Amino acid sequence: QVQLVESGGGLVQPGGSLKLSCAASLSAFSIYDMAWYRQAPGKLRELVAGITGGGSTSYDDSVKGRFTISRDNAQNTVYLQMNNLKPEDTAVYYCNGRLRLGKLYEYWGQGTQVTVSS
């Protein structure tokens, strides 16, 4: 059974940092495109950052220069380093894994809460 398990969320003051981790029980993890999404109360889920199997990264404009996505294929883990956090970054953060191989294989984690508040 495929599982994506996020960790690293919590409460942090504005300007602080957190590092999220997502451990994935995906066979052939290295060829999956991985991403972090977030959903704030009353808002739609939005894409924050993505990293392809080849290591190319992309970011939403709201987090460029502050967040960094990375992956460790040996550990089947994807990370999101979040610096200079703002109250508007408060949301539940979800890990996503996607592979299109004839059909689409897509998996989600259960989410981890990030709260930025003084």
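See the structure shown above.
K.L.:
Help me out: how do you make sense of the pattern of salt bridges in this one?
P.N.:
A side chain of one charge can pair with a side chain of the opposite charge if their charged atoms are brought near each other. For the coordinates displayed, the defined rule picks out five salt bridges. The closest approach of N and O atoms between aspartate 89 and arginine 38, which form a salt bridge, is 2.9 Å. Taken together, the residues aspartate 89 in the loop between strand 8 (77-82) and strand 9 (91-101) and arginine 38 in strand 4 (residues 33-39) connect sequence positions 51 residues apart. The salt bridge involving aspartate 61 is made with lysine 64; its shortest N-O contact spans 3.1 Å.

K.L.:
In this structure, what is going on with the pairing of strand 10 (residues 103-108)? I would like to understand it.
P.N.:
Regular strands have side chains that alternate between both faces of the sheet. Note that strand 9 and strand 10 share six bridges and pair antiparallel. Along strand 10, the bridge assignment pairs leucine 101 with lysine 103. Linking strand 9 to strand 10, which pair antiparallel, is a turn of one residue; within it glycine 102 sits at a positive phi near 80 degrees.

K.L.:
Even after reading the chapter, I still don't get the nonpolar core, so can you show me in this structure?
P.N.:
As a rule of thumb, soluble globular proteins bury nonpolar side chains together. One finds Met34, Trp36, Phe67, Val78, Leu80, Met82 and Tyr93 to be the most contacted residues of the largest nonpolar core, which totals 28 residues. The residues contacting phenylalanine 67, other than those within four sequence positions of it, are Arg38, Val48, Tyr59, Leu80, Gln81, Met82, Asn83, Leu85, Asp89 and Tyr93.

K.L.:
Explain the state of the cysteines here, please?
P.N.:
Think of a disulfide as a covalent bridge from one cysteine sulfur atom to another cysteine sulfur atom. Under the definition given, this model contains one disulfide. Here cysteine 22 pairs with cysteine 95 through a disulfide, and the sulfurs are 2.1 Å apart. On the sign convention where negative is left-handed, the bridge of cysteine 22 and cysteine 95, at about -80 degrees about the S-S bond, is left-handed. Of this pair, cysteine 22 sits in strand 3 (residues 18-24) while cysteine 95 is found in strand 9, placing the two residues 73 residues apart along the sequence. As far as the burial class goes, cysteine 22 and cysteine 95 line up, both buried.

K.L.:
Teacher, can you tell me more about the environment of asparagine 83 here?
P.N.:
By the element assignment, asparagine 83 lies in the loop between strand 8 and strand 9. When the C-alpha positions of asparagine 83 and glycine 16 are compared, they lie 6.2 Å apart, and in sequence the two are 67 residues distant. Not counting residues up to four positions away in its chain, the partners in contact with asparagine 83 are Gly16, Ser17, Arg66 and Phe67. One polar contact links asparagine 83 to serine 17, side chain to side chain, over a distance of 3.0 Å.

K.L.:
For this particular structure, what's the right way to read the packing of aromatic side chains?
P.N.:
For the coordinates displayed, the defined rule picks out two aromatic pairs. Between tyrosine 32 and tyrosine 107 the ring centres are 6.4 Å apart and the planes differ by 45 degrees, which places this aromatic pair in the tilted class. Taken together, the positions of tyrosine 32 in the loop between strand 3 and strand 4 and tyrosine 107 in strand 10 put the pair 75 residues apart, joining distant regions of the chain. Of the residues examined, tyrosine 32 reaches a relative accessible area of 6% and is grouped as buried. In this structure, lysine 19 packs its charged tip against the face of tyrosine 79, placed 4.6 Å from the ring centre.

About the criteria used
Residues numbered from 1 in each chain as written. Predicted model: local features only at pLDDT ≥ 70, side-chain atom pairs only at ≥ 80, totals over all residues. Heavy atoms only, no water. Salt bridge = Lys/Arg side-chain N within 4 Å of Asp/Glu carboxyl O. Helix = DSSP H or I, 4+ residues; strand = E, 2+ residues; numbered from the N terminus. Pairing = 2+ DSSP bridges. Core = buried A, V, L, I, M, F, W, Y, C linked by side-chain atoms within 4.5 Å. Buried < 20%, exposed > 50% of the residue type's maximum accessible area, 1.4 Å probe, protein only. Contact = heavy atoms within 4.5 Å. Disulfide = S-S within 2.5 Å. Polar contact = N/O pair within 3.5 Å; in protein donor to acceptor, adjacent residues only side chain to side chain. Phe/Tyr/Trp six-rings, centres within 6.5 Å; stacked < 30°, edge-to-face > 60°. Lys NZ or Arg CZ within 6 Å of the ring centre and 35° of its normal.

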